[in-house]
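# Observations on the model geometry
Single-letter residue listing:
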Amino acid sequence: MTGSLPPAECMFAEELLAEGCGGSNALDVRDQARGVFKAVHAGATITPDDVGNLADMLGDRQAFVNEPTEPVHLREENRRYITAALLIHACRTDDPDLVRRLRQVAPSEVHRIDLPLPLSTPCLLSLFAGLDQDERAVRDAAMRMARNIHRQTDITPILDIIIGELASPEHGRGWRRAAPADGARWALVYYSLDTTDFDGLCEQVEAAIDPSAPTQNALRTLAALFAVSEQFDRVSGLVGLAKTRAPVIGGIHDAVCGIAWNLEHARHVPSTDFPFTEAVTVAEGLATNAGHRKQVEAIRSRHHRLRGKTRAAV
């Protein structure tokens, strides 16, 4: 670490290396790992030797084995903090080789890191290239990361990867549910609010949809994109492709939520005069059962919440 940091933080590599190999006081080292993550997040650097040693430790299957007397997942949490510190260091120093190394030694952790800093194109590509070869849970985390980093990083270089995940099937339920297409859909919705090539984005998504067997997430994404651009006639036209109207109404919901969130946080939107009332009306016209009407009510509720916050701010 840098010499300006307190001695306790400068010694982190030795302690973390000892912890990874079965150190006796993992609770203290957990706090140390958390402190290291915060220090790197705040701008501290890691020496090349420490980077190599910590990356090697992440790849050691014998490291981070929880002792019977320790809290469950304690050492896994330490592993996550180390991965986060190294990934932020790699992106800040523009080191795509280290990013690729982390994907090899910590595939389950690397995409679960929230990166509040811009990524260079080489680092971005290293983080997402070849994602289709990873297991579903890793791809699920990667798509959620893509959704989260779009505010700091231009995700245009990985659009084809994100769009390709729209056809991914989901697996499991509740907190065990892995659905890469969900994260991909939201990443594309928020991306659409900032892009200058909206038509090109819609064309890419349309081209990725199999007309004979379109997935619900792909149709929901396209419906959201059409709603963002206020093309409600095209939204309604998707009903003929869908097995159920739920993804079409859901797309309107996603567009309304995305635009409302950006407006509440003073972020860019294609138009500050988005016709929320028309969006609700179109969704109501598409609803044919109780499930659809519940979706419509969620859209109306989101609009009302935005109106309430707008009035309070005046």
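Scroll up to find the structure this text is about.
Described in the following lines is the structure provided in the data block. Keep in mind that what you see is a predicted model, and the values were worked out from it rather than measured.

### Thoughts on the overall build of the chain
Check the secondary structure of the chain and you find 17 helices and zero strands. Looking at the chain as a whole, 49% of its 314 residues are labelled buried. Contacts spanning at least 24 positions in sequence make up 69% of the contacts within the chain whose residues lie at least 6 apart. Summed over its atoms, the accessible surface of the chain is roughly 15,200 Å², and 50% of this surface lies on carbon and sulfur atoms.

### Let's talk about the nonpolar core
Ranked by size, the top nonpolar core spans 91 residues in total, and within it Leu87, Leu115, Leu127, Phe128, Ile162, Val205 and Ile252 carry the most contacts. Once you skip the residues sitting within four places of it in the chain, leucine 115 turns out to touch Leu87, Ile88, Cys91, Leu127, Met145, Ile149 and Gln152.

### A word on unusual backbone geometry
A positive phi angle, near 55 degrees, is found at aspartate 94, a position not held by glycine. Along the chain, the position of aspartate 94 falls in the loop between helix H5 (74–92) and helix H6 (96–105). With a relative accessible area of 42%, aspartate 94 lands in the partly exposed category. We note that alanine 266 has phi near 55 degrees; this positive angle belongs to a residue other than glycine. Examined against the element boundaries, alanine 266 turns out to sit in the loop between helix H15 (246–264) and helix H16 (276–286).

### Description of the pattern of salt bridges
Under the counting rule described, the total for this entry stands at 13 salt bridges. What you see here is one network of salt bridges that share partners, running through Asp182, Arg185, Arg220 and Asp254.

### Focus on the packing of helix H4 (residues 48–58) against H6
Between H4 and H6, the least distance of the axes is 8 Å, while the angle of their chain directions is 25 degrees. Regarding the angle of H4 to H6, the classification is roughly parallel. Seen along the crossing, H4 lies across H6 with a hand that is left-handed. Of the residues in H6, those touching H4 at Val51, Ala55, Asp56 and Leu58 are Leu98, Arg101, Leu102 and Val105. A breakdown of the residues in the contact of H4 with H6 according to their chemical character gives six nonpolar, no polar and two charged.

### Side note on helix H11 (residues 180–192)
With 13 residues, H11 extends 18 Å between its outermost C-alpha atoms, agreeing within 8% with the 18 Å of an ideal straight helix rising 1.5 Å per residue. Across the 13 residues that make up H11, a large majority, 13, are buried.

### Things to note about H16
All buried positions along H16 are accounted for by Phe276, Ala279, Val280, Val282, Ala283 and Leu286. For H16, the arc enclosing every buried residue in end-on projection is 160 degrees, short of the 170-degree limit, so these residues lie on one face. Exposed residues pointing more than 90 degrees away from the buried face of H16 are listed as Thr277 and Gly285.

Calculation rules
- Numbers given to residues run from 1 along each chain, matching the order in which its sequence is written.
- Owing to the predicted nature of the model, reporting of local features is limited to residues with pLDDT of at least 70; listing and counting of side-chain atom pairs is limited to 80 or more, with chain, interface and lining totals taken over all residues.
- Side-chain numbers here rest on the full set of heavy atoms in the structure, without hydrogens or water.
- The helix and strand labels rest on DSSP assignments: H or I over at least four residues marks a helix, E over at least two residues marks a strand, and numbering proceeds from the N terminus.
- Buried, partly exposed and exposed residues are distinguished by accessible area as a fraction of the type maximum, computed with a 1.4 Å probe on protein chains only: under 20%, between the cut-offs, and over 50%, respectively.
- Residue contacts follow a heavy-atom distance rule, with two residues in contact if any of their heavy atoms lie within 4.5 Å.
- Each accessible area is a Shrake-Rupley estimate made with a 1.4 Å probe; only the visible protein chains count as cover when residues are assessed.
- Only buried residues count toward a nonpolar core. Its members are Ala, Val, Leu, Ile, Met, Phe, Trp, Tyr and Cys residues joined through side-chain atoms within 4.5 Å.
- Any Lys or Arg side-chain nitrogen located within 4 Å of an Asp or Glu carboxyl oxygen qualifies as a salt bridge.
- To obtain each axis, a line is fitted to C-alpha atoms, and for helices this fit is confined to the stretch in contact; angles are then taken between N-to-C directions over 0 to 180 degrees.
- Orientation categories follow fixed angle ranges, with anything under 35 degrees roughly parallel, anything over 145 roughly antiparallel, 65 to 115 roughly perpendicular, and all other angles oblique.
- Should the near helix be turned counterclockwise from the far one by less than a right angle, the crossing is left-handed, whereas a clockwise turn marks it as right-handed.
- Classification convention: Asp, Glu, Lys, Arg as charged; Ala, Val, Leu, Ile, Met, Phe, Trp, Tyr, Cys, Pro as nonpolar; all other residues, Gly among them, as polar.
- To estimate how far a helix should reach, multiply one less than its number of residues by 1.5 Å.
- This arc is built from the directions going out from the helix axis to the C-beta atoms.

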